[in-house]
Amino acid sequence: MMTKLMLVICLGLVCTACGSHASTTGTAPASPKTRGFALKPPVVAPAFALRDQDGRLTGPAQLRGHWYVVAFLYTHCPDVCPVIASNLGVALGRLRGLRVLAISVDPKNDTPASVKTFLRAHNLPPRFRYVTGTRAQLAPVWARYHVAAIAGPRPIVSHTAFELLVDPQGRERVLYDAQVQASDIARDVAALS
C-alpha cells in the first residue's frame, strides 16, 4: 500500500491539471514486463458503489471477473480527460473483455445528461461505466484512491490524472500516467494474464 501511495504522490506532483499541459513522458516503467508502473504487491482496489450513466450501482465489485481500468475524469474538461477517454475507448475496442470505470471529479457539473453527452461524443461503448455522485459521495472514493480534485474557475477542475489497471480478481496491477495508450494496456493485460 505504501508503494502505491508513493507512486500516486509522485504522479500527483506531475499530475495533469486540466487546462494545462503537464508532461509525464519521462517516466519509466517499474517492470520490463509492463508499460506502466507495476504495483508490487498488488492490492485489492478500494470498494465503493456509485450510480453510473444508466442509474445502475457500479463499482469494483460489479467488475470482478474482468480486467478493467479505473480513471478519474470530468465531462467539461478542455484537454486531458477527453484524450484519456478516447485512448481508453480504443483499448476497449482492442480488448473485448476489458471494462473502464470512470469516476467523476466534478460532482457539480457531471450530471447524467452531461455524462451521456460525453460518452456519445467520444463514441464510448457500454463497457465504459462513468459514475457520478454528490461531493459527499465522491470525496471518500477520491481519498481511497489518493486523488485530489479542486474546483477552479468554471469549468476547470484541477485533479490527479492517472489510470489503474485492475485484474479479474480485483487487484490493482499497473499504474499509468495520463498519457496511457491503448497499446500499453493491451500489452500489460497480455503480460499479466
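Residues numbered from 1 in each chain as written. Predicted model: local features only at pLDDT ≥ 70, side-chain atom pairs only at ≥ 80, totals over all residues. Heavy atoms only, no water.

**What to know about the confidence of the model for the chain**
Confidence along the chain averages 83 in pLDDT terms, with 83% of residues attaining 70 or more. Low confidence marks residues 1-30, where pLDDT is under 50. Its contacts with residues over four positions away, or in another chain, come to 66 contacts. (pLDDT = per-residue confidence, 0-100. Contact = heavy atoms within 4.5 Å.)

**Structural notes on the pairing of strand β10 (residues 171-177)**
With six of its seven residues buried, β10 lies for the most part within the structure. Both strand β1 (residues 37-44) and β10 contribute to a ladder of four bridges, which runs antiparallel. Along β10, the bridge assignment pairs F37 with L175. For strand β9 (residues 162-166) and β10, the ladder comprises five bridges, and the chain directions are antiparallel. Considered in β10, the bridge of L165 is made with V174. In this antiparallel pair of consecutive strands, β9 and β10, the connection spans four residues, and G170 shows a positive phi of 85°. (Buried < 20%, exposed > 50% of the residue type's maximum accessible area, 1.4 Å probe, protein only. Helix = DSSP H or I, 4+ residues; strand = E, 2+ residues; numbered from the N terminus. Pairing = 2+ DSSP bridges.)

**Topic: the sheet that holds strand β5 (residues 99-104)**
The strand order β1-β10-β9-β4-β5-β6 describes an open sheet built from six strands, whose pairing is mixed. In this open sheet, the two strands that pair with only one neighbour each are β1 and β6 (128-131). Along the sheet, successive strands turn relative to each other by an average axial angle of 25°, direction set aside. Strand direction decides the pairing type here: β5 and β6, joined by four bridges, are parallel. Across the sheet, the residue bridging to I103 is V131, located in β6. Against the sheet, helix α3 (residues 80-94) makes contact with β4 (68-73), β5, β6 and β9, and its axis sits at roughly 165° relative to β4, the strand it touches most. On top of the sheet, helix α6 (residues 182-192) reaches β4, β9 and β10; it is set at about 150° to β10, its chief contact. (Axes fitted to C-alpha atoms, helices over the stretch in contact; angles between N-to-C directions.)

**Re the pattern of salt bridges**
All told, the structure shown has six salt bridges when counted by the stated rule. R129 serves as the salt-bridge partner of D52, at 2.5 Å between the closest nitrogen and oxygen. Placement of the pair is D52 in the loop between β2 (50-51) and β3 (57-58) and R129 in strand β6, with a sequence separation of 77 residues. Like R129, D52 is buried. Its salt-bridge partner being D167, residue R173 comes within 3.2 Å of it at the nearest N-O pair. (Salt bridge = Lys/Arg side-chain N within 4 Å of Asp/Glu carboxyl O.)

**A short note on the side chain of E163**
Structurally, the position occupied by E163 is in strand β9. Ignoring anything within four residues of it in the chain, the contact list for E163 reads V69, V70, A71, I84, V174, L175, Y176, D177, A178 and V180.

**Let's talk about the packing of α3 against α6**
Contact geometry for α3 and α6: axes closest at 8 Å, N-to-C directions at 45°. As the angle between them shows, α3 and α6 are arranged oblique. Every pair of crossing elements has a handedness; the one defined by α3 and α6 is right-handed. Each of N87, L88, V90, A91 and R94 in α3 lies in contact with α6, whose residues at this interface are A182, S183 and I185. (Parallel < 35°, antiparallel > 145°, perpendicular 65-115°, else oblique. Left-handed = near helix turned anticlockwise from the far one by under 90°.)

**Some points on the side chain of D110**
As for its placement among the helices and strands, D110 is situated in the loop between β5 and α4 (112-121). Side chain to side chain, D110 and Y130 meet in a polar contact 3.0 Å long. Discounting residues that sit within four places of it in the chain, D110 has contacts with L73, Y74, T75, H76, S104, V105, V115, Y130 and T132. (Polar contact = N/O pair within 3.5 Å; in protein donor to acceptor, adjacent residues only side chain to side chain.)

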